[in-house]
Amino acid sequence: SASRLDGGLCFEQMTQELKGLQLALEEQRLSLDALHQRQAELSEENAALRDCLESIGILCGQAFLSRLQRRRFQRVLNQHPLPARPSKTLEVLFTPELAVNIAAYSGPCSLQQLPLVSKALSRGM
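Reading the values: rules and limits
- Residues numbered from 1 in each chain as written.
- Predicted model: local features only at pLDDT ≥ 70, side-chain atom pairs only at ≥ 80, totals over all residues.
- Heavy atoms only, no water.
- Helix = DSSP H or I, 4+ residues; strand = E, 2+ residues; numbered from the N terminus.
- Buried < 20%, exposed > 50% of the residue type's maximum accessible area, 1.4 Å probe, protein only.
- pLDDT = per-residue confidence, 0-100.
- Salt bridge = Lys/Arg side-chain N within 4 Å of Asp/Glu carboxyl O.

## Things to note about the overall build of the protein
Step number 1: Secondary structure assignment for the protein yields 6 helices and 0 strands.
Step number 2: Along the protein, from the amino end to the carboxyl end, the secondary structure elements read α-α-α-α-α-α.
Step number 3: Relative to its 125 residues, the protein shows a buried fraction of 9%.

Okay, here's the thing in structure tokens:
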């Protein structure tokens, strides 16, 4: 009968669509695998390049990591900007008293490192 044929066609169409989706999914998986492999290769090349630059004295590892951290932090700030008017909590974080307290509790060895942690803290010292 006609309804049986329509049901058969519908099932056949759905089966073909499902096969098409499976093929597309497999292509996406292969593409992601290739991207993952390339990213791993680039990471390895980056590490080797940094090693070379550090070994000949062109690059300081700590300075590189510090700049990398600043760039990452700036990217996060760009994605999630702070309010134009700082909250009371933020104001407390940038007080000279906080820098003094942090220095007092962290000990004399940390005093050289404290200004590197925060520009605001270095102004407070």
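There is more to say after this.
## A word on the confidence of the model for the protein
Step number 1: Averaged over every residue, the pLDDT of the protein is 82; residues scoring 70 or more account for 74%.
Step number 2: The least confident element of the protein is helix α6 (residues 119–124), whose mean pLDDT is 58; the most confident is helix α2 (residues 61–79), at 92.

## Quick word on the pattern of salt bridges
Step number 1: Applying the stated criterion across every chain, the model contains 4 salt bridges.
Step number 2: When the shortest N-O distance is used, the salt bridge between Asp33 and Arg29 registers 2.7 Å. Here Arg29 and Asp33 lie together in helix α1 (residues 2–55), a separation of 4 residues that amounts to about one turn.
Step number 3: Overall, the relative accessible area of 40% leaves Asp33 in the partly exposed class.
Step number 4: On the accessibility criterion, Arg29 (41% relative accessible area) is partly exposed.
Step number 5: When the shortest N-O distance is used, the salt bridge between Glu45 and Arg38 registers 3.8 Å.
Step number 6: Looking at Glu45, the relative accessible area reads 45%, which means it is partly exposed.
Step number 7: Beyond isolated ion pairs, a larger network of salt bridges with shared partners links Glu26, Arg29 and Asp33.

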